[in-house]
Amino acid sequence: TQKSSDEVTEPEQGFAGGSNLTGGFDFTEDRYDNGAQTERLSRALFAAGLARLGDFSLEAGARHERDDAYGDVTTGQLGLRYAITPAASVFTRGGTAYRAPTFEERFGGPFNLPSPTLQPERGHSVEVGGTLLVAGTRNTLSVYRNDVSQLINANFSSFPGIYENIPGARMTGVELQSSATWLGTDFAAGLSYL
């Protein structure tokens, strides 16, 4: 549910004029033994695509997950980028997020007490920004806001600690990223204010 700087990069070539589509299936089986063994299965289908429409690029993605402990959940994202010039573009994107508690967060571990009623995080985010290519560097400035319900928080004010849900949380921030390739090596730097 935290802000992620990952983005679908615009391909040079693809099946439809620079567009691409990807998808897959994710299967996870978790086993946890802390006195009593517990198992949890999670299965998910996901798809994401990027379409170039003249000066516009549209990205979209969706994921449907079935978790033995928490049931079915669907998340998605949608983004739009407009190329003002070949070196400058502006973008906006939004999406939803979901994160189930880990077994250690729910059932305890060496440093934390059990919290069996811990609920999954659910959130939505929005981001706007711009990218400028200057002298071989890619520079992106963005502003974002994430709203999360049932945020999983580690409370270690005493020992052992415990994980607990915070009913509602809002995170806003500004991020500046710069990247370049020099002598075949990728370099990147970033600055965030949260």
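For the structure itself, look to the data block above.
The model shown is predicted, which means the values in this text are computed figures rather than measured ones.

## Digging into the pairing of strand β9 (residues 185-193)
Stage number 1. Sparse coverage of β9 is indicated by the burial of 0 of its 9 residues.
Stage number 2. In the sheet, strand β8 (residues 162-182) pairs with β9 via 9 bridges, with the strands oriented antiparallel. Within the sheet, the bridge partner assigned to V174 lies in β9 and is Y193.
Stage number 3. As consecutive antiparallel partners, β8 and β9 are separated by 2 residues, and within that stretch L183 has a phi angle of approximately 55°, a positive value.

## Concerning the environment of A69
Stage number 1. Mapped onto the fold, A69 is located in the loop between β3 (56-67) and β4 (71-85).
Stage number 2. In this structure, the C-alpha to C-alpha distance between A69 and E39, residues 30 residues apart in sequence, is 9.5 Å.
Stage number 3. With sequence-adjacent residues up to four places away left out, A69 is seen in contact with R40 and R106.

## With respect to the pattern of salt bridges
Stage number 1. The full count for this structure, using the stated rule, is 14 salt bridges.
Stage number 2. In this structure, R63 and D26 form a salt bridge, with 3.1 Å as the shortest nitrogen-oxygen distance. Of this pair, R63 sits in strand β3 while D26 sits in strand β1 (residues 20-33); the two residues are 37 residues apart in sequence, bridging distant segments of the chain.
Stage number 3. For R63, a relative accessible area of 25% corresponds to the partly exposed category.
Stage number 4. Taking the shortest distance from any N to any O, the salt bridge between R31 and E29 comes out at 3.2 Å.
Stage number 5. Residue class for R31 comes out exposed when judged on its relative accessible area of 55%.
Stage number 6. Among the charged side chains, a network of salt bridges with common partners joins D26, R63 and E65.

Conventions adopted
- Residues numbered from 1 in each chain as written.
- Predicted model: local features only at pLDDT ≥ 70, side-chain atom pairs only at ≥ 80, totals over all residues.
- Heavy atoms only, no water.
- Buried < 20%, exposed > 50% of the residue type's maximum accessible area, 1.4 Å probe, protein only.
- Helix = DSSP H or I, 4+ residues; strand = E, 2+ residues; numbered from the N terminus.
- Pairing = 2+ DSSP bridges.
- Contact = heavy atoms within 4.5 Å.
- Salt bridge = Lys/Arg side-chain N within 4 Å of Asp/Glu carboxyl O.

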